[in-house]
Amino acid sequence: MTKAARIQRRLENEIALLSATIGLTDRNVPTFVNHDGASPFMLVGGNGVFCYLALERGKLCFERSTRDPDELLYWAFDDVTADVALEWTNEQHLVGEEHLAAKWKRRATLLHALDPEWAKRWRAELVEALGPEGEHHLVPTLPPPPLVLDIPEPPAEPVPLPTRRRRWWHLLVD
């Protein structure tokens, strides 16, 4: 097995744990498979570079590269939590500022459940993107309330919360 394949396998295990923590369904779990349709996916290069990209009809929509596996995971879960938070908020039938505030609060809660540092980073990026005239009163405070999943039936076995095990990265990444 190549070094890139070993790293990808470790990342897939980490993604599975993180996804279970916030109750992601298969269609929302970050993947290494290109589904086209501007759906983001990840690549592990043999040269120690990780890519997060999307293709639409074979044409590149965007691409980010890093040598930090945690950065790759942040990008993937930042996107995923945006989609999941929007879906959840739409189900609440909120409108206007209530919709936006609820969406941001849910996203902060999801990211915080994955990694509190990711939630802090996302919040800082949001505040910066809003600029001085933005709707800062809608930005959630941290830490958010504990995550309560909307799972109709509890899983057969409780899903343990993962502990961020970043220490293995140095074993596989130059």
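This text goes with the structure placed above it.
Throughout what follows, the structure given in this document is the object of discussion. For clarity, every value in this text was computed on a predicted model and none was experimentally measured.

### Quick look at the overall build of the chain
Part 1 of the argument: Helices and strands together make up the secondary structure of the chain, namely five helices and three strands.
Part 2 of the argument: Mapped in sequence order, the helices and strands of the chain form the string α-β-β-β-α-α-α-α.
Part 3 of the argument: Out of the 174 residues in the chain, the part that is buried amounts to 37%.
Part 4 of the argument: Counting only contacts in the chain whose residues sit at least 6 apart along the sequence, the fraction spanning at least 24 positions is 53%.
Part 5 of the argument: As presented, the chain carries roughly 10,400 Å² of accessible surface, and 54% of it is formed by carbon and sulfur atoms.

### Brief notes about the layout of surface pockets
Think of a ball as big as a water molecule: rolled over the atoms, this probe shows where empty space is left.
Part 1 of the argument: There is about 270 Å³ of room inside the second largest pocket.
Part 2 of the argument: Grouping the constituent residues of the lining of the second largest pocket by class yields seven nonpolar, four polar and five charged.

### Here we look at the pairing of strand β3 (residues 59-66)
Part 1 of the argument: As paired strands, strand β2 (residues 50-56) and β3 are joined by seven bridges and run antiparallel to one another. Bridged to tyrosine 52 within β3 is arginine 64.
Part 2 of the argument: Between β2 and β3, which pair antiparallel and follow one another directly, the connecting turn spans two residues, one of which, arginine 57, has a positive phi of 55°.

### Remarks on the sheet that holds β3
Part 1 of the argument: Spatial strand order, β1-β2-β3: three strands in an open sheet with antiparallel pairing. Of all strands in the sheet, those with a lone pairing partner are β1 (41-44) and β3, marking the two edges. Averaged over all pairs of adjacent strands, the angle between strand axes in this sheet comes to 25°, irrespective of strand direction.
Part 2 of the argument: Packing of helix α2 (residues 69-91) onto the sheet brings it into contact with β1, β2 and β3, and relative to β2 it is tilted by some 35°.

About the cut-offs
- Just so you know, the residues in each chain are numbered from 1, in the order the chain's sequence is written.
- In view of the model being predicted, local features appear only for residues whose pLDDT reaches at least 70, and side-chain atom pairs are presented and counted only at 80 or more, with totals across whole chains, interfaces and linings using the full set of residues.
- The side-chain numbers reported here are obtained from all heavy atoms of the structure, hydrogens and water having been left aside.
- A run of DSSP states H or I qualifies as a helix once it reaches four residues; a run of E qualifies as a strand once it reaches two. Both are numbered from the N-terminal end.
- The classification of residues rests on relative accessible area computed with a 1.4 Å probe and restricted to protein chains. Under 20% of the type maximum is buried, over 50% is exposed, and intermediate values are partly exposed.
- Here a residue-residue contact requires only that any non-hydrogen atoms of the pair lie within 4.5 Å.
- What sets the accessible areas is the Shrake-Rupley method with a 1.4 Å probe; for residues, cover comes only from the shown protein chains.
- Cavities and pockets were defined on a 1 Å grid built from protein atoms only: a cavity is a group of points that admits a 1.4 Å probe but offers it no way out, a pocket is an open group of points flanked by protein on both sides within 12 Å along at least five of seven lines, and a lining residue is one with an atom within 4 Å of any such point.
- Grid points are joined across faces, edges and corners, and a volume is the space filled by probe spheres set on the points.
- Basically, the charged four are Asp, Glu, Lys and Arg, the nonpolar ten are Ala, Val, Leu, Ile, Met, Phe, Trp, Tyr, Cys and Pro, and anything else, Gly included, counts as polar.
- When DSSP finds two or more bridges between a pair of strands, those strands are recorded as paired.
- Between the N-to-C directions of two axes lies an angle of 0 to 180 degrees, each axis being a line fitted to C-alpha atoms and, for a helix, fitted only over the stretch in contact.

Function cannot be read off these values alone, since they describe shape.
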